[in-house]
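Take a look at the letters that make up each chain.
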Amino acid sequence: MLLNHCHVMPEGVFNKNRPEEGTLQHLNKIMEELGIEEAVLFAPFTYQIPEGSYRCNQWLWELIRKKRQFYGFVTVHPLDPDALNILNEFANKGFVGVKFHPAIFRVCLDDSAIEPFYAEAEKLNLPILFHVGIHGWQVNCYAPILLDKIAQNHPRLKIIVEHMGGYEFFHQALAVVRNNPNCYAGISTVLQEDYSWYIPQSELMYLLRTVGPERIIYGADFPYNGLLRIKRDIEIIRSWNLSQEDEENILGKNLKRLLPLKSHSKKNGK
Ligand SMILES: [Zn+2]
């Protein structure tokens, strides 16, 4: 299993009182406990490592460069003057995707100034995982429907519609994923009723029937979700009684197919 959507950060950043929370060590324990072999890790945000975007990505790269079971995603504000260089440098160093959080970055998904960023990710073959689901700030700037135009303008760009918009925007997210074969349904933090982006089972069953299990990607949202949450999520997916193949697809194989893994093996000098 390849576990998507894991935020890792230095000790004490996520929780001052329990400094191990949110570290790679902490994630490793969860993975061992649940028998998860591999994970996609997002570089910290600049509010977690304040020395700038370059440092955030470099920190993650140094942490995982010798560890084949981890795949890095670039985290950078798309309008950072250095954004395209950072994309290129870390794609070269073996990172395999991009984390994009419009509400944290305070940027509108359809801002035309981001076009070069989308084009560069498309050229580098880096999938972009977009957080969509209410998260403070101006919701009209990251309504999932805005992803439709990006998907249409960049047909080779792989887009993960994370949280599927949550309950509030599920139907917009569904419209985008159904309309665009290059879009994938991210189902992290949607499966349990008290989650911020909970989506009822009946809607998820409709997603399964219409989009199909080959375009659904589970994610942990570690460390916001810890061991018990992740364990329960996986139990819920297993309770859907899918074929083993469909289940494995949702639990990592779909995601793995999206990653430009040639560059990933480069980090080990192969
Ligand atoms: Zn996240």
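Because the structure is a prediction, the values reported are computed rather than measured.

1. Observations concerning the pattern of salt bridges
A side chain of one charge can pair with a side chain of the opposite charge if their charged atoms are brought near each other. Following the criterion strictly, the structure yields 10 salt bridges and no others. Residues Arg 55 and Glu 62 are paired through a salt bridge, measuring 3.7 Å at the closest nitrogen-oxygen approach. Take Arg 55: its relative accessible area is 29%, and that puts it in the partly exposed class.

2. Looking at the environment of Asn 254
Within the secondary structure layout, Asn 254 lies in helix α10 (residues 244-258). For Asn 254, a relative accessible area of 2% gives the class buried. With sequence-adjacent residues up to four places away left out, Asn 254 is seen in contact with Pro 213, Glu 214, Arg 215, Ile 216, Ile 217 and Asn 249. Here the side chain of Asn 254 touches Ile 216 through a polar contact of 2.9 Å, landing on its backbone oxygen.

3. Section: the nonpolar core
Counting 78 residues, the largest nonpolar core has Leu 27 and Tyr 218 as the members making the most contacts within it. Leaving out residues up to four positions away in the same chain, Leu 27 has contacts with Leu 3, Cys 6, Val 8, Ala 39, Leu 41, Phe 70 and Phe 222. Counting 13 residues, the second-largest nonpolar core is a separate cluster that includes Leu 2, Val 40, Tyr 71 and Leu 259.

4. So, the sheet that holds strand β8 (residues 216-217)
Two pairing modes exist for strands in a sheet, parallel and antiparallel, and in both the strands are linked by backbone hydrogen bonds. In spatial order, the strands read β8-β7-β6-β5-β4-β3-β2-β1-β9; together these 9 strands make up an open sheet with parallel pairing. The open sheet has two edge strands, β8 and β9 (219-222), and neither has a second partner. Its contacts with the sheet place helix α6 (residues 146-153) against β5 (128-131), β6 (159-162) and β7 (183-186), and it is angled at close to 170° to β6.

5. Description of the packing of aromatic side chains
Under the definition given, this model contains 11 aromatic pairs. Arranged with centres 5.5 Å apart and planes meeting at 55°, the rings of Tyr 54 and Phe 90 form a pair that is tilted. Of this pair, Tyr 54 sits in helix α2 (residues 53-64) while Phe 90 sits in helix α3 (residues 83-92); the two residues are 36 residues apart in sequence, bridging distant segments of the chain. Taking relative accessible area as the criterion, Tyr 54 reaches 32% and is therefore assigned partly exposed. Under the relative-accessibility criterion, Phe 90 is labelled buried at 0%. Aromatic side chains Phe 100 and Phe 117 sit 6.2 Å apart centroid to centroid with 70° between the ring planes, which places their arrangement in the edge-to-face category. Placement of Phe 100 in strand β4 (residues 97-100) and of Phe 117 in helix α5 (residues 115-124) is noted, with a sequence separation of 17 residues between them.

6. Remarks on the pairing of β9
Across the two faces of β9 the burial is the same, with Gly 219 and Asp 221 and Ala 220 and Phe 222 all buried. Pairing of strand β1 (residues 2-7) with β9 involves 2 bridges; the strand directions are parallel. Note on β9: the bridge partner recorded for Asn 4 is Gly 219.

7. Here we look at the UniProt feature "domain: Amidohydrolase-related" (unreviewed entry) in the chain
Per the UniProt entry, the sites bearing "domain: Amidohydrolase-related" (unreviewed entry) are residues 54-261 in this numbering. Secondary structure over residues 54-261 splits into 46% helix and 13% strand, and the C-alpha atoms at its two ends are 22 Å apart.

8. Side note on the coordination of the zinc ion
His 5 (NE2), His 7 (NE2) and Lys 99 (NZ) make up the full set of protein donors to the zinc ion, lying at 2.0 to 2.3 Å. In this structure His 7 comes out as buried when scored by relative accessible area, which is 4%.

Calculation criteria
Residues numbered from 1 in each chain as written. Predicted model: local features only at pLDDT ≥ 70, side-chain atom pairs only at ≥ 80, totals over all residues. Heavy atoms only, no water. Salt bridge = Lys/Arg side-chain N within 4 Å of Asp/Glu carboxyl O. Buried < 20%, exposed > 50% of the residue type's maximum accessible area, 1.4 Å probe, protein only. Helix = DSSP H or I, 4+ residues; strand = E, 2+ residues; numbered from the N terminus. Contact = heavy atoms within 4.5 Å. Polar contact = N/O pair within 3.5 Å; in protein donor to acceptor, adjacent residues only side chain to side chain. Core = buried A, V, L, I, M, F, W, Y, C linked by side-chain atoms within 4.5 Å. Pairing = 2+ DSSP bridges. Axes fitted to C-alpha atoms, helices over the stretch in contact; angles between N-to-C directions. Phe/Tyr/Trp six-rings, centres within 6.5 Å; stacked < 30°, edge-to-face > 60°. UniProt positions renumbered as here; feature names shortened; annotations may be inferred. Donors = N, O, S within 2.8 Å, 3.2 Å for Na, K, Ca; no water.

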